[in-house]
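If you want the building blocks of each chain, they are given just below.
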Amino acid sequence: MDYFAQQLINGLVLGSIYGLIAIGYTMVYGIVGMINFAHGDIFMIGGFIALISFLVLVSLGLTAIPLVLFIVLLVSMAITALYGWTVERIAYRPLRHSFRLAPMLSAIGMSFVLTNFSQVAQGARVKPVPPIITGGYTLHEGESGFVVQLSNIQIIVVLATVVLLALFTWLVSRTRLGRDMRACEQDQTMAALLGVDVDRTISMTFVIGAALAAVAGMMYLLYYGLVDFFMGFVAGIKAFTAAVLGGIGSLPGAMLGGLAIGLIETFWSAYFSVEYKDVAAFSILIVVLIFLPTGLLGRPEVEKV
Amino acid sequence: MSGETILSVKGLSMRFGGIVAVNDLSFDAGRRKITALIGPNGAGKTTVFNCITGFYRPSGGSIALTHDDGKTIQLERLNDFRISKQARVARTFQNIRLFPGMTALENLMVAQHNALMRASGLTFLGLIGAPSWRSAEARAIELARTWLTRVGLLDRADDAAGNLPYGDQRRLEIARAMCTEPALLCLDEPAAGLNARESAALSELLLSIRTEQGTSILLIEHDMSVVMEISDHVVVMDYGVKIAEGTPQSVRDDPKVIAAYLGADEEEAIAVMESGT
Amino acid sequence: MTTSALEKKPASRASGAAFILKKATISALVALVLFSLMIGVRTEAGPQGGLIYWTRFGDLAAIVAAVFGGSIVIELLRQWWGPADKVRVVPPAVQNALSLAGRLIAPALLIFTFLVPVIFYDQRYILDLAILVLTYVMLGWGLNVVVGLAGLLDLGYVAFYAVGAYSYALLATNFGLSFWVCLPLAGILAAFWGVLLGFPVLRLRGDYLAIVTLAFGEIIRLVIINWQSLTGGPNGISGIPRPTLFGIPLSPGEDGLAARLGIEFSPTHRIVFLFYLILAMALLTNWVTIRLRRLPIGRAWEALREDEVACRALGINTTTTKLTAFATGAMFGGFAGAFFATRQGFISPESFTFQESALVLAIVVLGGMGSQLGVALAALAMIGGFELFRGLDQYRMLVFGMAMVLLMIWRPRGLIGHRAPTVYLERNQAISSDLVKEGHG
């Protein structure tokens, strides 16, 4: 039971990270109807920027860890958001009304560019960081000596996720930008005729998605204590799985899907085999798409004839 | 001969969530007859079509198709491609669905898919170029040529379907449906977007399909001049239920029909009343 | 393009140099922010395990300057070239010459390919490269059936390549079966896996299908890595038997081909043999595909790409039609995989990554969906280009990614922008691919 509780906590934390990435997929898919293949790599870039800015700030003599982390969060969100904007501007916007496969291929190309850019710029080796946030609470100590722990970093990851999710849900449902986004989702031509700047709205979607991916990247860095240039690929597919599982286009769905995938992966690793955890995640993707193509919170589609 | 009815719809209902699109609809379509299904926009006509042609599974009711040999097929139990393949029901679409990147001739060849698949020995005989396949292919091209001639598109045979003018595309779609050699042809607004001359030509084509091929026709149409001119039997729907049926003449004079059109759309009501005069 | 973008065009013409400078400055500023940390600071795990970093402001400045200069050049080129959608009038003489060249290029290419081993007999490097190009031509033609004809977006094609390669490797090393027995088996097994995967997933929409096939490709690779007792895991399988000329080995021994023919043994014999083997396999793929296109099944594939709903209304069983396309493509992938295994003599999961799938897909899309000649040209350009950048080592994938993005922007429809009809009454005229749909979704 204790072991189960511990895995539950770990799974929720991992799920929060997947959920943050999944929001980027779901928003972009909702608005331009394409899988932003480079999004996993945006998450990876976010992790790198958090790492580098942290190193620089610490070496500059800043020692107040909460302040440092806050600055790191802002810096990585800002710069990563610019990456998201640039990717859209270079690789997707020229192909917006093109042949459907073209943006897909262009996105795959962009994913290669980002992966290999960070390999070239920062080297191929895994970058470890010493634990930045330590300590935690012992929730329960079993008789067999197994201890259920909730570490501070886990609390921070979940808190940050909840706060940011609330913020962005508000942004999408209550602001002018959110209304424009929903309008573009329904009908871009009509939205443009009614005075919505479609280009800008789509750009903002990528920017927001990238900023959330940067948060995920930073949380991943804090939680696992390492980043590497290849981490975006697998995390990206899993987050996409989460977005589909939750119902593509739905913000709470993405979060829910992320938590589900995080839990499944953690329990699978804990009770079955670590080697096959990715196989399990990918298999879930296939199973979900076959049996529940609209996801948990997605709207069912009626075929128009 | 086995009865005068080819299609018998009984108690057909179709619900989407809480919305009842078709409610307890019953009507018959006569063999070698042209039956028109009319009604104001949103009356549920296309939904009925989609149930008959297997794109929707009805929530309730039965749709029975009786072939010339007396064999009856329950269409509500078949789905999508089997309706066309086994029950030999062909259809066209309200918003034309040709294969735009393929030529007119290719469109008609695709329609003969099932017959050609058998002739090509599920591809294997065709791959080695067996003589039986070659002659079957030549016959298929001949059939396509016949239909291209009948719809007046022989000189456009090698043009991409997407490049044809709108009226030609409508006729090509009918020719494609006829290449499946159907027992029942379902046409969803075949005259939509056609000018008066084209509508007249369409009427002529449909009448000739009925008399020469002996194909029964079920059509949805808003162009009342076409409906009144060619239909043997008219079924009127409104809000998912049948409100009248009978000969074109009797339907036109039915006060319930006039009220339905007036209530829905004044112009259409006037069109109903003025047409045929 | 939206109206706002259109309105900007004339204004940009008017303001000239100031506008270009402004644009370049913005680009440079964006680059500065993007690269400030990623290039300006280099991190590395230090000797004690902790992280150390050093700055590279010189590199950063150089890159920002390059972006500044580059965007000026691009903007000048764009103004010189004029609006992208302007209709360009090609003189009839040039047009005729182009169409003549278009008709001659396929036979010329084929003749040249047959002569490659004769011309480059002494140049092992070129022969190896030619074999590699032909392998990708075959893979491209195989995937073309799935993506180009049937319009099913498959991002996991490499899985079938892997199934073919491992089938041959395992059958040959465990049971001593010869290449010629294993080749059809590899194809059949790959097709079987294609059906197995395809059956549940083929009713999915385009993009979902893409991601599911990608996941499937990764599953196969992960299983190969982890199922060590069977596949050797990450270490792969070595000592895979070389192909024989119908039982006669191409080895220096007594019973080798050279000894039997009474000529001096040379290792090049085997390379030349492999070259003609893959050429024959690729041409077989091509021949079968061209035949299939003119059969009802091939026409149904293309119809499916154009409009699935209409197909169903015509009585076409869309599920089996998609499955046959998937299985046919997978089978060709399996053949290519078996060839890969016998050529290398060693296979490991590293050869079957997602990047391979993306490369083959890029070849198909760049070639112009459905065009056999286009795929061959694209394979030549891609693999050839890839080799040119071999010296760049780790920059290679970076350049490849950029090339993919730029090629898509330049020619989203691929090199060959039209499709040939499969049957005609009077005129065999090509159809512009603007009319051709790209699948459902």
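Source: prediction; values computed, not measured.

## A short note on the overall build of chain B
Then, number 1: Counting its secondary structure elements, chain B contains 12 helices and 10 strands.
Then, number 2: Over its C-alpha trace chain B gives a radius of gyration of 19 Å, about what one expects of a compact globule, namely 19 Å for 277 residues.
Then, number 3: Each principal axis of the C-alpha atoms in chain B carries an extent, and together these give about 65 × 40 × 40 Å.
Then, number 4: Taken over 277 residues, chain B has a buried fraction of 52%.
Then, number 5: The contacts in chain B between residues at least 6 apart in sequence include a share of 66% that link residues at least 24 apart.

## Re the pairing of strand E4 (residues 60–66) of chain B
Residues and elements named next belong to chain B.
Then, number 1: Note that strand E1 (residues 5–16) and E4 share five bridges and pair antiparallel. Following the sheet pairing, Ser8 is matched in E4 by Ala64.
Then, number 2: Both E4 and strand E5 (residues 72–74) contribute to a ladder of three bridges, which runs antiparallel. If you follow Leu65 over to E5, its bridge partner there is Ile73.
Then, number 3: In this antiparallel pair of consecutive strands, E4 and E5, the connection spans five residues, and Gly70 shows a positive phi of 90°.

## Section: the environment of B:Gln94
All names here are of chain B.
Then, number 1: Turning to its location among the elements, Gln94 is positioned in the loop between strand E6 (89–91) and helix H3 (104–111).
Then, number 2: Its 15 C-beta neighbours within 10 Å are what place Gln94 among the partly exposed residues.
Then, number 3: Along the chain, Gln94 and Pro190 lie 96 residues apart, while their C-alpha atoms are 7.3 Å from each other.

## As for the sheet that holds strand E7 (residues 184–188) of chain B
Residues and elements named next belong to chain B.
Then, number 1: Judged by pairing direction, the sheet is mixed, and its six strands sit side by side in the order E6-E7-E8-E3-E9-E10 without closing on themselves. In this open sheet, the two strands that pair with only one neighbour each are E6 and strand E10 (241–246). Taking the axes of each pair of neighbouring strands and ignoring which way they run, one obtains an average angle of 20° across the sheet.
Then, number 2: Along the sheet, helix H1 (residues 45–52) contacts strand E3 (34–38), E6, E7, strand E8 (216–220) and strand E9 (233–238); its crossing angle with E7, the most-contacted strand, is approximately 145°.
Then, number 3: The strands touched by helix H8 (residues 196–213) are E3, E7 and E8; relative to E8, the strand with the most contacts, the crossing angle is about 150°.

## Digging into the confidence of the model for chain A
Then, number 1: Scored by pLDDT, chain A has a mean of 86; 97% of the residues are at 70 or more.
Then, number 2: When pLDDT is averaged over each helix and strand of chain A, the minimum, 77, is found for strand E2 (residues 136–141) of chain A and the maximum, 93, for helix H2 (residues 39–59) of chain A.

## Some points on helix H11 (residues 277–291) of chain A
Then, number 1: Look at H11(A): 21 Å from first C-alpha to last across 15 residues, which is about the 21 Å you get at 1.5 Å a residue.
Then, number 2: Restricting attention to buried positions, one finds in H11(A) the residues A:Asp278, A:Val279, A:Ala281, A:Phe282, A:Ile284, A:Leu285, A:Ile286, A:Val288 and A:Leu289.
Then, number 3: Tucked inside the fold, the buried residues of H11(A) contact helix H9 (231–246) and helix H10 (251–271) of chain A together with helix H7 (179–201) and helix H8 (206–226) of chain C.

## Points about H1(B)
Residue and element names in this part refer to chain B.
Then, number 1: Along H1, eight of the eight residues are buried, which leaves the element largely enclosed by surrounding structure.
Then, number 2: Those residues of H1 not exposed but buried are Lys45, Thr46, Thr47, Val48, Phe49, Asn50, Cys51 and Ile52.
Then, number 3: With its phi angle positive at about 85°, Gly54 sits one or two positions after the end of H1.

## Focus on the nonpolar core
Burial of nonpolar side chains together is a common tendency in soluble globular proteins.
Then, number 1: By size, the foremost hydrophobic cluster in this structure holds 316 residues, and its most contacted members are C:Leu361 and C:Ile363.
Then, number 2: The dominant element in this core, judged by the number of residues it contributes, is helix H8 (residues 198–224) of chain A, at 18 residues.
Then, number 3: Residues within four places of C:Ile363 in sequence aside, it is in contact with C:Tyr136, C:Gly140, C:Val375, C:Ala378, C:Ala379 and C:Met382.

## Regarding the interface of chain A and chain C
Then, number 1: Contacts between chain A and chain C engage 59 residues on the former and 54 residues on the latter.
Then, number 2: Counting only elements with at least two residues in the side of chain A that touches chain C, the list comes to H2, helix H3 (65–92), helix H4 (101–122), strand E1 (127–128), H8, H9 and H11 of chain A.
Then, number 3: Residue contributions to the side of chain A that touches chain C peak at 17 residues, all from H4(A).
Then, number 4: Classifying every residue of the side of chain A that touches chain C by side-chain character gives 42 nonpolar, 11 polar and six charged.

## Considerations on the environment of A:Leu51
Then, number 1: In this structure, A:Leu51 sits in helix H2.
Then, number 2: A sequence separation of 77 residues divides A:Leu51 from A:Pro128, and the C-alpha atoms of the two residues are 9.3 Å apart.
Then, number 3: Ignoring any residue separated from it by four or fewer positions in sequence, one finds A:Leu51 in contact with A:Lys127, A:Val129, A:Leu221, A:Val227 and C:Thr43.

Here is what the cut-offs are and how they apply
Residues numbered from 1 in each chain as written. Chains lettered and ligands numbered in written order. Predicted model: local features only at pLDDT ≥ 70, side-chain atom pairs only at ≥ 80, totals over all residues. Helix = DSSP H or I, 4+ residues; strand = E, 2+ residues; numbered from the N terminus. Rg over C-alpha atoms; globule rule 2.2 N^0.38 Å. Buried ≥ 20, exposed ≤ 12 C-beta atoms within 10 Å, placed from the backbone. Contact = placed C-beta atoms within 7 Å. Pairing = 2+ DSSP bridges. Axes fitted to C-alpha atoms, helices over the stretch in contact; angles between N-to-C directions. pLDDT = per-residue confidence, 0-100. Expected span 1.5 Å × (residues − 1). Core = buried A, V, L, I, M, F, W, Y, C linked by C-beta atoms within 7 Å. Nonpolar A, V, L, I, M, F, W, Y, C, P; charged D, E, K, R; others polar.

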